[in-house]
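# Tertiary structure, described
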Amino acid sequence: MDDQVVRQKEDRLIRHIREQMHHSFLAKHTELPHLDEEKAIMLYRMFLDTKHSEEHIFTYVTTVMLVQAALDAHDTISVTNKDSETSKTRRQLVILGGDYYSGLYYALLTKMGEIRFIRKLARSIQQVNEHKMFLYNDADLFEQSVDHLRIIETALLKDTADYFHLPLWGDFMEHYFFMRRLMAERRSHLSATPTKVTKSLYDSARFQPFTKLIDPYIVNSIEKVKRLFAIDSTFQRNVDVDFERSFIESAGLQQKLAEEG
């Protein structure tokens, strides 16, 4: 398929997902979850390697991103004893919003008769939530905390790829999006604007140099992506062009780290 045509379809997919995610009441009273367009586009590119119709591809990608939205919505909740009534109301709305997205993905897949995929996604949700509990509440070793983050960031994508018998795509998305998340947390740490995840990773580092601990994981993920591309050049061509810019940035970091080390 011509790349320009693919991009037009991707734009239409993103608009479709945003329409599904939009709820006027939630938008008025709370902040709607962020849509990770790169994940949606990678999933779409993955499904181009299947024989599914465009309608079914749109539904599959949309449902996965709705699940991601539900998971992300619950991450924005702040639990303190000093919450005002306004904060408590907002927190309740965020929870209801997450439940709304969960119900919507379930309805869309039920309509398609995709009960097995619903079960697959349900197991992914359970796995992600379990590892969030470990990451945020347990003082694990750094290696364990990083592994929790890998599962949180990529389990949904990898499980989707595995369900549709696309292991190469599953491995790619696991390594690439794990690398991308680690780089984001690295930037947050260096800019002194730590996220909830950055704080958890930093705590598990136990006063060891944060970048020295996280950089080998980034480099390892970069190498794994390169090896996948070496296995199948056709697969590399199917990956979105925008990915190349992000990957070039990470490869530049890899070279910098090698020079520093």
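Residues numbered from 1 in each chain as written. Predicted model: local features only at pLDDT ≥ 70, side-chain atom pairs only at ≥ 80, totals over all residues. Heavy atoms only, no water.

### As for the overall build of the protein chain
Quick reminder of the rule: Secondary structure elements are taken from DSSP: a helix is a run of H or I of four residues or more, a strand is a run of E of two residues or more, and numbering for both begins at the N terminus. Exposure is judged per residue with a 1.4 Å probe applied to protein chains only, and the accessible area is read against the type maximum: over 50% gives exposed, under 20% gives buried, and values in between give partly exposed. To measure how exposed things are, a 1.4 Å probe is used in the Shrake-Rupley method; for residues, cover is taken only from the protein chains shown.
Looking only at helices and strands, the protein chain has 12 helices and zero strands in total. Ordering the α and β elements of the protein chain from the N terminus gives α-α-α-α-α-α-α-α-α-α-α-α. In the protein chain, buried positions account for 48% of the 261 residues. Carbon and sulfur atoms form 52% of the exposed surface of the protein chain, whose accessible area is close to 13,800 Å².

### Let's talk about the environment of S200
What counts here: Contacts were defined at the residue level, with two residues in contact if any of their heavy atoms lie within 4.5 Å. Throughout this description, a polar contact denotes any pair of N or O atoms lying within 3.5 Å of each other; where both atoms belong to protein, one of them has to be capable of donating a hydrogen while the other can accept it, and for residues adjacent in sequence the pair is counted only when both atoms sit in side chains.
With respect to the helices and strands, S200 occurs in helix α9 (residues 196–205). Sequence-wise, S200 and D138 are 62 residues apart; in three dimensions their C-alpha atoms are separated by 8.9 Å. Not counting chain neighbours up to four residues away, the residues in contact with S200 comprise L135 and Y136. Within polar-contact distance, the side chain of S200 engages the backbone oxygen of L135 at 3.5 Å.

### Regarding the pattern of salt bridges
Formally: Within this document, salt bridges are pairs made up of a side-chain nitrogen of Lys or Arg and a carboxyl oxygen of Asp or Glu, the two lying within 4 Å of each other.
Overall, the coordinates contain 18 salt bridges when judged by the stated rule. Close ionic contact of E153 with K39 constitutes a salt bridge, the shortest N to O distance being 3.1 Å. Taken together, the residues E153 in helix α7 (residues 142–163) and K39 in helix α3 (residues 37–47) connect sequence positions 114 residues apart. Pair check on accessibility: E153 and K39 agree, each one buried.

### Considerations on helix α6 (residues 115–137)
Where we set the bar: Given the number of residues in a helix, its expected span is that number minus one, multiplied by 1.5 Å.
Here α6 is 23 residues long and its end C-alpha atoms lie 33 Å apart, about the 33 Å a rise of 1.5 Å per residue gives. Burial in α6 covers these residues: F117, I118, K120, L121, S124, I125, V128, H131, K132 and L135.

### Comments concerning unusual backbone geometry
In this model, A192 sits at a positive phi of 60°, which is unusual for a non-glycine residue. You can see A192 is positioned in the loop between α8 (167–190) and α9. When its relative accessible area of 63% is taken as the criterion, A192 is described as exposed.

### Here we look at the side chain of S124
Note that S124 resides in helix α6. Ignoring any residue separated from it by four or fewer positions in sequence, one finds S124 in contact with A155, L156 and D159.

### A closer look at the packing of aromatic side chains
Our working rule: By convention, a stacked pair of Phe, Tyr or Trp rings (six-membered ring in the case of Trp) has centres within 6.5 Å and planes under 30 degrees apart, an edge-to-face pair has planes over 60 apart, and any other such pair is tilted. Only Lys NZ and Arg CZ are tested; either one counts as a charge over a ring when it is within 6 Å of the ring centre and within 35 degrees of the ring normal.
Evaluated as defined, the whole model comprises 16 aromatic pairs. Taken together, the ring pairs in this structure connect F47, Y60, F117, Y163 and F164 into an aromatic cluster. The ring centre of F177 lies 5.8 Å from the NZ or CZ of K39, which sits over that ring.

### Topic: the packing of α7 against α8
Our working definition: To get an axis, fit a line to the C-alpha atoms, keeping to the stretch in contact for a helix; angles then go from 0 to 180 degrees between the N-to-C directions. In these notes the angle categories are as follows: under 35 degrees is roughly parallel, over 145 is roughly antiparallel, 65 to 115 is roughly perpendicular, and the rest is oblique. The hand of a helix crossing depends on one turn: near helix anticlockwise from the far one by less than a right angle means left-handed, and clockwise means right-handed. Any residue outside Ala, Val, Leu, Ile, Met, Phe, Trp, Tyr, Cys, Pro, Asp, Glu, Lys and Arg is labelled polar, Gly included; the first ten of those are nonpolar and the last four are charged.
Between α7 and α8, the shortest axis-to-axis distance is 8 Å and the interhelical angle comes to 150°. The angle between the axes of α7 and α8 places the two elements in the roughly antiparallel class. α8 is crossed by α7, and the crossing has right-handed handedness. Touching V146, L149, R150, E153, T154, L157, K158, A161 and D162 of α7 are P167, W169, G170, D171, M173, E174, F177, F178, R180, R181, L182 and E185, all from α8. Its residues assigned to classes, the contact of α7 with α8 shows 10 nonpolar, two polar and nine charged.

### Remarks on the environment of G98
Looking at the element boundaries, G98 is found in helix α5 (residues 85–112). The buried category is assigned to G98, whose relative accessible area is 0%. In this structure the C-alpha to C-alpha distance between G98 and D72, which are 26 residues apart in sequence, comes to 8.1 Å.

### Regarding the nonpolar core
To keep it simple, the criterion reads: Among buried residues, those of type Ala, Val, Leu, Ile, Met, Phe, Trp, Tyr and Cys that are joined through side-chain atoms within 4.5 Å constitute a nonpolar core.
Among the nonpolar cores identified, the biggest contains 68 residues, and V61, F172, M173 and L201 are the most heavily contacted of them. At 11 residues, the largest contribution of residues to this core is made by helix α4 (residues 54–75).

### Remarks on helix α1 (residues 3–21)
Under the convention used in this document: The directions considered for the arc run from the helix axis to the C-beta atoms.
Between the first and last C-alpha of α1 there are 27 Å, a value that for 19 residues agrees with the 27 Å anticipated at 1.5 Å per step. Inspection of α1 places V6, K9, E10, L13, I14, I17 and M21 among the buried residues, and these make up the whole buried set. Projected onto a plane normal to the axis of α1, the buried residues spread over an arc of 145° and lie on a single side. Residues of α1 that are exposed and point more than 90 degrees away from the buried face comprise Q4 and E19.

### A short note on the confidence of the model for the protein chain
How we decide: The pLDDT score gives, residue by residue, the confidence of the prediction method on a 0 to 100 scale.
The pLDDT averaged across the protein chain works out to 85; a share of 81% of its residues lies at or above 70. Confidence scores differ between elements of the protein chain, with helix α12 (residues 241–260) showing the lowest mean pLDDT of 60 and α7 the highest of 96.

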